[in-house]
Amino acid sequence: MKIKEHQLGLHFLFILTVLVLLFPLVYALSNSFKTLNDAFNNVFSLIPREFTLQNYIHVFTRLDFMRIVGNTFFISTTVTIFKIITSLLAAYSLVFFNFKGKNTLYFILLSTMFIPFTVTMIPNYLTISSWGLGDSLIGVLIPQLADVLGIFLLRQSMRGIPRSLIEYAQLEGASTYNIITGIVIPLIRPNIISTGILFFVNSWNEYVWPVLILKTKSKFTLSLALQMFISSEGGTDFTIAMAVSVMTMIIPITLYLIFQRYILDTFTTSGVK
Amino acid sequence: MQKRTKKGKWDHIKAFGFFIPVLLVFTIFVFTPFFKTLYLSFFEWNLISPKKTFVGLSNYIALFQDPVTVKVLSNTFVYILIMLVVNFIVPYIMSYMMAIMLKKGQNFYKGAIFLPYVISLVVGSILYLWILNPVSGPIGLIARTFGIRLPIWSKTDGLVLLILSLITSWKLFGYNFIVLFAAVNNIPKEIIEVAKLDGISNWHIFKDIVTPMSSATGIYVLIITIVQGLQQGFTPIKVVTQGGPNYGSASLTYQSYHEAFTLYHIGKSSALSVLTMVLFMVLLALEFYFVERNVYYEN
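As the structure is a prediction and not an experimental result, all values here were calculated from the model. (Residues numbered from 1 in each chain as written. Chains lettered and ligands numbered in written order. Predicted model: local features only at pLDDT ≥ 70, side-chain atom pairs only at ≥ 80, totals over all residues. Heavy atoms only, no water.)

Visitor: I tried to follow the interface of chain A and chain B on my own but got confused; where do I start?
Guide: Many authors give the size of an interface as the accessible area that is lost as the parts come together. Across the contact, 95 residues belong to chain A and 92 residues belong to chain B. Both faces combined, the contact of chain A with chain B buries some 8500 Å², and carbon together with sulfur accounts for 81% of it. Inspection of the region where chain A meets chain B yields zero salt bridges. Linking chain A with chain B are 14 residue pairs in polar contact (both at pLDDT 80 or more), by the criterion used here. When residues of the side of chain A that touches chain B are assigned to their parent elements, the largest contribution, 18 residues, is made by helix α1 (residues 2-32) of chain A. When its residues are assigned to classes, the side of chain A that touches chain B shows 66 nonpolar, 25 polar and four charged. (Contact = heavy atoms within 4.5 Å. Buried area = accessible area lost by both parts, 1.4 Å probe. Salt bridge = Lys/Arg side-chain N within 4 Å of Asp/Glu carboxyl O. Polar contact = N/O pair within 3.5 Å; in protein donor to acceptor, adjacent residues only side chain to side chain. Helix = DSSP H or I, 4+ residues; strand = E, 2+ residues; numbered from the N terminus. Nonpolar A, V, L, I, M, F, W, Y, C, P; charged D, E, K, R; others polar.)

Visitor: Please explain the pattern of salt bridges as it appears in this structure.
Guide: Side-chain pairing between opposite charges can occur once the charged atoms of the two side chains come close. Residues and elements named next belong to chain A. Inspection of the entire model under this criterion finds six salt bridges over all chains. The residue D135 makes a salt bridge to K219 at a minimum N-O spacing of 3.9 Å. One end of the pair, D135, is in the loop between α6 (117-130) and α7 (137-141); the other, K219, is in the loop between α12 (208-213) and α13 (222-227), with 84 residues separating them in the sequence. The buried category is assigned to D135, whose relative accessible area is 18%. (Buried < 20%, exposed > 50% of the residue type's maximum accessible area, 1.4 Å probe, protein only.)

Visitor: Can you help me understand the nonpolar core in this one?
Guide: The nonpolar side chains of soluble globular proteins are, as a tendency, buried together. Within the largest apolar cluster, 189 residues are counted, with the highest numbers of intra-cluster contacts made by Y92 and M158 of chain A. The greatest single-element share of this core, amounting to 15 residues, is contributed by helix α8 (residues 159-186) of chain B. (Core = buried A, V, L, I, M, F, W, Y, C linked by side-chain atoms within 4.5 Å.)

Visitor: Please clarify how the packing of α6 of chain A against helix α13 (residues 252-261) of chain B should be interpreted in this entry.
Guide: For any two helices packed against each other, the geometry comes down to the angle between their axes and how far apart the axes lie. Between α6 of chain A and α13 of chain B, the least distance of the axes is 9 Å, while the angle of their chain directions is 20°. As judged from the angle between their axes, α6 of chain A and α13 of chain B are roughly parallel. Once α6 of chain A is placed against α13 of chain B, the crossing between them reads as right-handed. The residues of α13 of chain B that touch α6 of chain A, namely those facing F117, T118, M121, I122 and Y125 of chain A, are T253, S256, Y257, A260 and F261 of chain B. (Axes fitted to C-alpha atoms, helices over the stretch in contact; angles between N-to-C directions. Parallel < 35°, antiparallel > 145°, perpendicular 65-115°, else oblique. Left-handed = near helix turned anticlockwise from the far one by under 90°.)

As structure tokens, then:
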């Protein structure tokens, strides 16, 4: 009997945690379909009194919204593809080749995770400007083409591949290219997918760097577009801001829900060290 | 024999060649900037002027004489403290509850708790700004039915630090929880069963068995909580308060950004960034000290 009460208490705690964490999302979804009046007078009902699509229509008419989504999509996709390729090559080298200074190199790369973004922001801003890439999408994505986290996660998963398998393929005369595409990639596909989704989502949500680089509205990404709807007093854009929020969240959440198992596995099985 | 060394050499070149793309990006956008910022911290410059004036250590001295720096450091300390409680101690205890005590529903809770990690903190900031709006948000309205008028949190010293840390924690909580859960869940269940049979309380099992046996991950999460907290915590500050009221919510990272791109004090900003860097390096050193020496390895 006592154990049952125990379990009930635990479930109560976890459900409460989930509610606190997910309530904002439900709240945004509900308000994005309310009229402004409804949103202010009917705060506690999650179901709109009069269901409206006006907020979403507004977003598309007041902004070149498809363009903003396109910009965000372009940056995130390019960044993800490059990060996966660069990480895959570096991880392969770390796991299957021996060379002098390998561990030192890996150590130095890992340490860069502890460099605060403020240390690199001014010089990078200057570099991008001097290349004439200020206020451009390319300027946003160029510094993001490689990522230590990717090297780390893919290295962890490649270490699970038996060395003898690679050596055998080499003896059979397979080229490194064939080994990577024919053996390595198929074996660690779930890890590549989850790492890729992580890259995509992080780049999709990136705020600090685009805010420094992009000035023209037509080049904005979703995070920057969202910022245009904030006024801490509560202004008239409230329900529209909710609609933009929903559209910003929808892609990361969908990707997460589809690949949830892979993503959680990558974090739980690869551990940290 | 000849052929073999030749192949060895070729492998060597190839091994290094695979690193070239990563090294190229890192050299241009991480390593060089690192030294450039260090260099800039000894100059006075406004980002635009062709002339930089060498001022030695005076940016650093000016920082330590500035009451704003004291405020920023104390804010940063408060941010770290709150996030350590909310984002390290709480998920550690909860991961124990889930791994050892909870019997059903683990997968559902794990999946749901992790979800905010994939959402933009700009979105998070906006959502909480509305939910916690003291006049028209749900929390404010509930409080009012009890006759309580909530202060405008984004303009109230102290409270602003708490709410902004909670917004950052909202996003990062799930990641910390999942990683800690994996470590706690890896501890052999027999050890805990035996302790339970001996009548040892859950609290003592957690404190005396679980934390020591998961300490490598524990220290990693502790440090990542501070580092990620300060990095990601920038966004809600920038979006909601811009460091206000009167620097009441500025953290080290925010202040560095503010000095550079609002006030154009490049030297001072760089000096602040170097300070932040030193703080992070101390943490990194601690991680290596503890993880390499005293802790129990999970694997």
